[in-house]
Amino acid sequence: KSVKTYFPPRDVDPENGDTDYEMVNLPDTGKLVTYTVIRVAPQQWGDLGPYAIGIAEMADGTRVMAQLTDCDVEKVKIGMEVRVVFRRIQTEEHHGVLSYGYKFVPKWW
């Protein structure tokens, strides 16, 4: 039986319907396999544009999508090494609610 890792986790394997699974910790480093630059941010993101969103293949082969931060979007390249960090995602200003999640930073950061 081959082992597959899904992110985000799934209760049912979409390929064979298997419901037997084990939670694992993903590596926190990987390489960018694709990305796009958002130059005009949606209203909820205010004046954050431009920013990059990418998919990285983590050290174990799992692919994860996240925003890239702490880097010049013009210097983002396929193949660059990234590290996962925990950061603020957004603030709901009228409620004062802060949302946190993961983002990518260049590995050298």
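A brief look at the structure comes next. Computed from a prediction, not measured in an experiment: that's the story for all the values here.

This paragraph deals with unusual backbone geometry. Across the junction of Phe7 and Pro8, the peptide omega takes the value 0°, indicating a cis bond. Note on placement: Pro8 falls in the segment before strand E1 (29-38). The backbone of Asp70 sits at a positive phi, close to 60°, despite the residue not being glycine. Tracing the backbone shows Asp70 in the loop between strand E3 (63-68) and strand E4 (81-92).

In this section: the nonpolar core. Core analysis: the largest hydrophobic core is formed by twelve residues, namely Leu32, Ala52, Ala56, Met58, Val64, Ala66, Leu68, Val73, Val76, Met80, Val82 and Phe104. Counting residues per element, the ones that place at least two in this core are strand E2 (51-58) and E3. If sequence neighbours within four positions are ignored, Val64 has contacts with Phe7, Leu26, Gly54, Ile55, Ala56, Met58, Tyr102 and Phe104.

As a further point, take the packing of aromatic side chains. Using the criterion set out here, one finds one aromatic pair in the structure. The interplanar angle of 70° and the centroid separation of 5.6 Å between the aromatic rings of Phe7 and Tyr102 together place this pair among those described as edge-to-face. Here Tyr102 lies in strand E5 (residues 97-106) and Phe7 lies in the segment before E1, a separation of 95 residues in the sequence.

Turning to a nonpolar patch on the surface, a few remarks are in order. A contiguous nonpolar surface patch, about 360 Å² in accessible area, is contributed by Phe86, Leu98 and Tyr100. Tracing the backbone through its elements, the reader meets Phe86 in strand E4.

As a further point, take the environment of Ile53. With respect to the helices, strands and loops of the structure, Ile53 is situated in strand E2. Taking relative accessible area as the criterion, Ile53 reaches 23% and is therefore assigned partly exposed. Once the C-alpha coordinates of Ile53 and Thr36 are considered, the two residues, 17 residues apart in sequence, prove to be 5.6 Å apart. Those residues in contact with Ile53 that sit more than four places away from it in its chain are Tyr35, Thr36, Ile38, Met65, Ala66, Gln67 and Leu68.

Each value, and the rule that gives it
- Residues numbered from 1 in each chain as written.
- Predicted model: local features only at pLDDT ≥ 70, side-chain atom pairs only at ≥ 80, totals over all residues.
- Heavy atoms only, no water.
- Helix = DSSP H or I, 4+ residues; strand = E, 2+ residues; numbered from the N terminus.
- Core = buried A, V, L, I, M, F, W, Y, C linked by side-chain atoms within 4.5 Å.
- Buried < 20%, exposed > 50% of the residue type's maximum accessible area, 1.4 Å probe, protein only.
- Contact = heavy atoms within 4.5 Å.
- Phe/Tyr/Trp six-rings, centres within 6.5 Å; stacked < 30°, edge-to-face > 60°.
- Patch = residues over 30% accessible without salt bridge, like charges linked within 9 Å, V, L, I, M, F, W, Y side chains within 5 Å.
- Areas by Shrake-Rupley, 256 points an atom, 1.4 Å probe, with all protein chains shown as cover.
- Salt bridge = Lys/Arg side-chain N within 4 Å of Asp/Glu carboxyl O.

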